[in-house]
Amino acid sequence: MNRFRGTDVALGLVAVAVNIGLVVGVVAMTSNRETPETEATVAVSPSASPSTSTTVDPTEAPSPPSARSLITSGEPVSLAVLGDQTSDGDAEWVGVMAALLGQDHRVELRGLDPSDPTVYAKERSYGSSGSKISIRNASRAGVKADYAAPRLPLLVPVEADLVILNYGRNDSADKVAGRLEKTAKAVRRQLPQARVLVTLQAPTAGDGQQDVREAVSDWAEESDLPTLDIAAAFEDTGRADSYVSGRDPLVMSSAGDELWGREVYRLLTGKEAATPDAPQPSQTTEAGTPAGSGTTGGTGTGGGTGPVAPQPEPSNVDPTPTGGATPSADPTPTTPPPATDPPPSTPEPTTTDPGTGEADVWLPGPALTSAAA
């Protein structure tokens, strides 16, 4: 009996040992299986970083540089003026501005041919040193603020860095904003990198278009477009009416054109225009170049002498532009201003217009040296 009891104890100890061994083996096997899973999880985590970085929003494109930084950068600049009869003549404010810019730059100015507004006339050059400024003046008398919208590839056949919208004389207060928006959309579509400026035009006699100017200002503010407040410079003189042409109340006298050009120059460059008369341009003898061709005219240099007489107004109806748009008839153009206005300090005697038989009285303006804003 004692022998069997001992055997039972021995068998019990063996069973305990076997059970312990089984437990240890199971634990070891479990540990070996969990280790690879843990390592696999850690190995995957670095791959999450690249996928996270791809969700970052791209940086927004920078806005166009300011007009002043463009003009004063020392780099070549292309400028386009889209406007009406206040800027279409050679002796009006665009020409004055070009001559003043020619004091520090090499300026090339081309305007639409008065006899055919689908081509550009010969080039006018100002200055002989400094960076180049190319100006395309696509202004035309009698047109409304949406005139350039369907014709933009024709009127601005080259890339432009700066575009000035100079409209309002032939528009009503309730229509001008919508028409400007059409032109601005055409500019944004064709010239997305161009800086656009909006002119607040000089007052007419008695400031009869104040409501139009205010509508233009409101539209420009809503469109986040900077303005050239030309009206303020005339109002600051205290005698704005004296700068209006006595023959055509929608345009300026020679003194008014001078003040307008000097103010645009000041706003674009941040500098007051020099008091001495600006140099007169030289002209090439090249025939008119198609507006849509993008070619450049002659190579005249600045330094010519003698005043430049205003050119006659273009015909009343455009030929069909190259771009295919069919223009509508323009309003009847106004009588062109006289070839030469007298000095601001001396009123012009009353004369009779041979074409109309009506008397024409020129309203003098103050001296230019005191008129600049």
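To be clear, the structure that these remarks concern was listed above.
Residues numbered from 1 in each chain as written. Predicted model: local features only at pLDDT ≥ 70, side-chain atom pairs only at ≥ 80, totals over all residues. Heavy atoms only, no water.

Student: Quick question: what am I supposed to make of the packing of aromatic side chains here?
Tutor: Within the structure shown, the criterion is met by three aromatic pairs. With a centroid separation of 6.0 Å and 0° between ring planes, the pair formed by Trp93 and Trp260 is classed as stacked. Residue Trp93 is found in helix α4 (residues 93-101), and its partner Trp260 is found in helix α9 (residues 254-269); the two are separated by 167 residues along the sequence. The class for Trp260 is buried, based on a relative accessible area of 0%. On the numbers, 5.3 Å between centres and 90° between planes, the contact of Phe234 with Tyr243 is edge-to-face. Here Phe234 matches Tyr243 in class, with each residue buried. Members of the aromatic cluster, connected to one another through ring pairs, are Trp93, Phe234, Tyr243 and Trp260. (Phe/Tyr/Trp six-rings, centres within 6.5 Å; stacked < 30°, edge-to-face > 60°. Helix = DSSP H or I, 4+ residues; strand = E, 2+ residues; numbered from the N terminus. Buried < 20%, exposed > 50% of the residue type's maximum accessible area, 1.4 Å probe, protein only.)

Student: Just checking my understanding: could you explain the pairing of strand β2 (residues 106-113) for this structure?
Tutor: On a regular strand, each side chain points to the face opposite its neighbour's, so the side chains alternate between the two faces of the sheet. With six of its eight residues buried, β2 lies for the most part within the structure. Where β2 and strand β5 (residues 132-137) come together, six bridges link them in parallel fashion. Counted as the bridge partner of Leu109 is Ile135 from β5. Across three bridges, β2 lies against strand β4 (residues 124-126) in antiparallel orientation. Following the sheet pairing, Glu108 is matched in β4 by Ser125. Following β2, the chain reverses through two residues before pairing antiparallel with strand β3 (residues 116-120). (Pairing = 2+ DSSP bridges.)

Student: Explanation requested: the packing of α4 against α9 in the structure shown.
Tutor: At their nearest, the axes of α4 and α9 sit 7 Å apart, and the two run at 50° to each other. Judged on the interaxial angle alone, α9 and α4 are oblique. Crossing of α4 against α9: the hand is right-handed. Contact residues: Trp93, Val96, Met97, Leu100 and Leu101 in α4; Asp257, Glu258, Trp260, Gly261, Arg262, Val264, Tyr265, Leu268 and Thr269 in α9. Grouping the constituent residues of the contact of α4 with α9 by class yields nine nonpolar, two polar and three charged. (Axes fitted to C-alpha atoms, helices over the stretch in contact; angles between N-to-C directions. Parallel < 35°, antiparallel > 145°, perpendicular 65-115°, else oblique. Left-handed = near helix turned anticlockwise from the far one by under 90°. Contact = heavy atoms within 4.5 Å. Nonpolar A, V, L, I, M, F, W, Y, C, P; charged D, E, K, R; others polar.)

Student: Sorry if this is basic, but what is going on with the environment of Ser66 here?
Tutor: Position of Ser66 among the secondary structure elements: in the loop between α2 (48-53) and α3 (67-71). The exposure class assigned to Ser66 is partly exposed, which follows from its relative accessible area of 35%. In the structure, Ser66 is positioned 96 residues away from Leu162 in sequence and 9.0 Å away in space, judged by C-alpha atoms.

Student: In this structure, what is going on with unusual backbone geometry? I would like to understand it.
Tutor: Its identity is not glycine, yet Asp207 carries a phi of approximately 50°, on the positive side. Mapped onto the secondary structure, Asp207 falls in the loop between β7 (195-200) and α7 (210-222). The phi dihedral of Asp224 is positive, around 60°, even though this residue is not glycine. By the element assignment, Asp224 lies in the loop between α7 and β8 (227-229). In this structure Asp224 comes out as exposed when scored by relative accessible area, which is 69%.

Student: Where do I start with the nonpolar core in this structure?
Tutor: The nonpolar side chains of soluble globular proteins are, as a tendency, buried together. Formed by 37 residues in total, the largest nonpolar core has its most connected members in Ile135, Phe234 and Leu268. Of all elements in the fold, only α3, β1 (77-83), α4, β2, β5, β6 (162-166), α8 (230-236) and α9 reach the threshold of two or more residues within this core. Among the elements that line this core, the one with the most residues is α4, at eight residues. If sequence neighbours within four positions are ignored, Leu268 has contacts with Ala67, Arg68, Ile71, Leu79, Met97, Leu162 and Leu197. (Core = buried A, V, L, I, M, F, W, Y, C linked by side-chain atoms within 4.5 Å.)

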